[in-house]
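Structure assessment
Residue-level listing of the chains:
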Amino acid sequence: MDQITISDLTIYAKHGVYAEENILGQQFLVSVIADVDLCKAGMTDNLSDSIDYGVICHFVTKYMQEHTFHLIEAAAEHLAEELLQQYGQIQKIRVKVKKPWAPIGLPIKNVCVTIERTRHQVYLGIGSNMGDREAYIQKGIAKLDAQASCRVREVSSIVETQPYGGVEQGPFLNCALHLETVLQPAALLELLHNIERDAGRTRDVRWGPRTLDMDILFYDHLVINTPELTIPHADMQNRGFVLGPLCEIAPWYVHPVLQESVRNMYERLESQP
């Protein structure tokens, strides 16, 4: 991937653990490396096909001066997220924040934190079997798309399916969604739970009825297995209501554990008696 690099932009700002650092301020050096496709700009010689590094410099300076953080780790983290949100052309960002006069009582040139963040490709399964099912789904998608940290890229058709898990309840409406996000998995899960709660979702009965269910099916090609989160979604290969809509928008996406495409999993499941 092509890159635009800004090195050691000097900014006087107010970040630090000590009160005097937040009040008096000090000098910071900020570097940004942005992964961007520059092919078109190279062919057209037109700035509108690239990113104006001068505009980025002013954006970084303004952000660092208008916000105050105790840790340069936090300053770098939030700045990286803001740059990804503001500039859709940037696929990956590395932000380096140097603090030349760190108050540690020893001779030191500077301390430095480097944060690397990227856009993540995520697939969600969404369902509802209570109330106005389609309205719950559409409102949930709209709330997700309204987040600055998320972009809804594609949504499958909404299909009606029978309930799964043996609990007596009404049929579901289900769909799948392709999401681009700068959020890490835990933060995305928290966002989805908040949207579910806003829709009146409760978790009283496992596999029971719900107003809105939003599950992470795939997150890039990560494999995560913690008490809070399992990615890829457990048992999705046995759930037609997940694989059917997902096959519509991501048929060739390969399950990182099973090493099988969504289409193959769905066709195999459908062929079973």
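Residues numbered from 1 in each chain as written. Predicted model: local features only at pLDDT ≥ 70, side-chain atom pairs only at ≥ 80, totals over all residues. Heavy atoms only, no water.

Before going further, it helps to spend a moment on the nonpolar core. By size, the foremost hydrophobic cluster in this structure holds 32 residues, and its most contacted members are Val30, Val60, Met64, Leu83, Ile93 and Val95. In terms of residue count, the dominant contributor to this core is helix H4 (residues 72-86) (seven residues). Ignoring anything within four residues of it in the chain, the contact list for Met64 reads Ile11, Ala13, His15, Val30, Ala75, Leu79 and Val97. (Core = buried A, V, L, I, M, F, W, Y, C linked by side-chain atoms within 4.5 Å. Buried < 20%, exposed > 50% of the residue type's maximum accessible area, 1.4 Å probe, protein only. Helix = DSSP H or I, 4+ residues; strand = E, 2+ residues; numbered from the N terminus. Contact = heavy atoms within 4.5 Å.)

As a further point, take the packing of aromatic side chains. Taken as a whole, this structure holds four aromatic pairs when the rule is applied. Taking 6.0 Å as the distance between ring centres and 85 degrees as the angle between the ring planes, the aromatic pair formed by Phe59 and Tyr87 counts as edge-to-face. Taken as a pair, Phe59 in helix H3 (residues 53-66) and Tyr87 in the loop between H4 and strand E3 (92-99) lie far apart in primary sequence, 28 residues in all. The exposure class of Tyr87 is buried, given its relative accessible area of 13%. Here the aromatic cluster, defined as three or more aromatic residues joined through ring pairs, consists of Phe59, Tyr63 and Tyr87. (Phe/Tyr/Trp six-rings, centres within 6.5 Å; stacked < 30°, edge-to-face > 60°.)

To continue, consider the pairing of strand E5 (residues 120-128). With eight of nine residues buried, E5 lies mostly within the body of the structure. In the sheet, E5 pairs with strand E8 (residues 172-181) via nine bridges, with the strands oriented antiparallel. Its bridge partner being in E8, Val122 is matched across the sheet by Leu179. In the sheet, E5 pairs with strand E9 (residues 213-219) via six bridges, with the strands oriented antiparallel. Bridging from a neighbouring strand, Tyr123 pairs with Phe218 of E9. (Pairing = 2+ DSSP bridges.)

Here we come to the side chain of Arg210. Position of Arg210 among the secondary structure elements: in the loop between helix H6 (185-198) and E9. Given a relative accessible area of 9%, Arg210 falls into the buried group.

Our next topic: the environment of Glu248. Within the secondary structure, Glu248 is located in helix H7 (residues 240-249). A relative accessible area of 45% means that Glu248 is categorised as partly exposed. Spatially, the C-alpha atom of Glu248 lies 46 Å from that of Asp8, the residues being 240 residues apart in sequence. Setting aside residues up to four positions removed in sequence, Glu248 forms contacts with Ser156 and Ser157. Separated by 3.0 Å, the side chains of Glu248 and Ser157 make a polar contact. (Polar contact = N/O pair within 3.5 Å; in protein donor to acceptor, adjacent residues only side chain to side chain.)

Working note: α-helix, 3.6 residues per turn, so residues spaced by three or four point in the same direction. Of all 10 residues that make up H7, seven are buried, and the element is covered over most of its length. Along H7, the positions that sit buried rather than exposed are Val242, Leu243, Gly244, Pro245, Leu246, Cys247 and Ile249. Residues of H7 that are buried make contact with E5, strand E6 (150-155), strand E7 (159-161), E8, E9 and helix H8 (262-271).

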